[in-house]
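# Coordinate inspection notes
As a plain string of letters, each chain reads:
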Amino acid sequence: MGDFVIIAVVAVGLVLGVQATIKHMKGRGGCCGGGKVPKPAKKTLKGKKVGEKVVYIEGMHCDNCRAGVERQLNWIDGAAAKVNLKKKTAVESMERLVGDEELKAAVEKAGFQVSKIKFKEA
């Protein structure tokens with residue numbers, strides 16, 4: 001009887017672990033902050049859009065990662081970000097030209113790396 005209880009507890013733990021791993025790999029888990037994901041405030045440009053930069057980001061795994069990057073990029077004055085977790089990119093719409101180094105610094109402050117940045121005119 002004691003062996004059965006131990007096997008049952010191990011089996012339940014294994015099933016829960018596999019479920020959490022699958023959720024994490026699909027980007028729905030709270031791997032980097034745990035639990036509920038804070039939604040960053042939507043930011044819109046106040047002036048005329050002069051262009052966009054697509055920032056390719058390495059290391060994002062979940063909605064907490066996405067929210068953290070979006071929060072940091074939205075701190076940049078004159079720019080508004082939209083981060084896509086599946087594509088591992090952020091599109092930064094700009095009402096003033098924002099330098100690549102400023103974008104890179106914001107992403108690094110969130111704990112991630114930039115692999116490249118592409119500029120698109122408005």
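What comes next is a walk through the structure.

What counts and what doesn't
- Residues numbered from 1 in each chain as written.
- Predicted model: local features only at pLDDT ≥ 70, side-chain atom pairs only at ≥ 80, totals over all residues.
- Heavy atoms only, no water.
- Helix = DSSP H or I, 4+ residues; strand = E, 2+ residues; numbered from the N terminus.
- Contact = heavy atoms within 4.5 Å.
- Areas by Shrake-Rupley, 256 points an atom, 1.4 Å probe, with all protein chains shown as cover.
- Axes fitted to C-alpha atoms, helices over the stretch in contact; angles between N-to-C directions.
- Parallel < 35°, antiparallel > 145°, perpendicular 65-115°, else oblique.
- Left-handed = near helix turned anticlockwise from the far one by under 90°.
- Nonpolar A, V, L, I, M, F, W, Y, C, P; charged D, E, K, R; others polar.
- Pairing = 2+ DSSP bridges.
- Phe/Tyr/Trp six-rings, centres within 6.5 Å; stacked < 30°, edge-to-face > 60°.
- Lys NZ or Arg CZ within 6 Å of the ring centre and 35° of its normal.
- Patch = residues over 30% accessible without salt bridge, like charges linked within 9 Å, V, L, I, M, F, W, Y side chains within 5 Å.
- Salt bridge = Lys/Arg side-chain N within 4 Å of Asp/Glu carboxyl O.
- Buried < 20%, exposed > 50% of the residue type's maximum accessible area, 1.4 Å probe, protein only.

### What to know about the overall build of the protein
- Across its full length, the protein carries 3 helices and 4 strands.
- Sequence separation of at least 24 residues holds for 73% of the intrachain contacts in the protein that already meet a minimum separation of 6.
- Carbon and sulfur atoms make up 59% of the accessible area of the protein, which totals about 8,100 Å².

### Digging into the packing of helix H2 (residues 63-74) against helix H3 (residues 100-109)
- Where H2 meets H3, the axes come as close as 8 Å, and the angle between the chain directions of the two elements is 140°. By the criterion of interaxial angle, the relationship of H2 to H3 is oblique. Relative to H3, H2 is oriented so that their crossing is right-handed. Where H2 abuts H3, its residues Val69, Gln72 and Leu73 lie against Leu103, Ala106, Val107 and Lys109.
- Split by residue class, the contact of H2 with H3 holds 5 nonpolar, 1 polar and 1 charged.

### Observations concerning the pairing of strand E2 (residues 79-84)
- Sheet topology note: the E2/strand E3 (residues 89-94) ladder contains 6 bridges and is antiparallel. Counterpart to Ala81 in the pairing with E3 is Glu92.
- Between the antiparallel neighbours E2 and E3 lie 4 residues, among them Lys88 with a positive phi of about 60°.

### A look at unusual backbone geometry
- Even without a glycine there, the phi angle at Lys88 is positive, about 60°.
- Locating Lys88 in the fold gives a position in the loop between E2 and E3.

### Here's the deal with the sheet that holds strand E1 (residues 51-58)
- Here 4 strands make up an open sheet; going across it, the order is E2-E3-E1-E4 and the pairing antiparallel. Strand pairing shows two members of the sheet lacking a second neighbour, E2 and strand E4 (113-121), which therefore form its edges. Between one strand axis and the next, the sheet turns through 20° on average, direction left out of account.
- The sheet contact formed by E1 and E4 spans 8 bridges and is antiparallel. Looking at the pairing, Val54 lines up with Lys118 of E4.
- Each of E1, E2 and E3 is contacted by H2, which is oriented at about 165° to E2, the strand it contacts most.

### Focus on the packing of aromatic side chains
- Enumeration according to the criterion identifies 0 aromatic pairs in this entry.
- One Lys or Arg, Lys116, reaches over the ring of Tyr56 and ends 4.9 Å from the middle of that ring.

### Focus on a nonpolar patch on the surface
- Taken together, the side chains of Met1, Phe4, Val5 and Val9 make up a nonpolar region of the molecular surface, amounting to roughly 490 Å² of accessible area.
- On the secondary structure map, Val5 appears in helix H1 (residues 2-25).
- Residue Val5 is classed as partly exposed on the basis of its relative accessible area of 42%.

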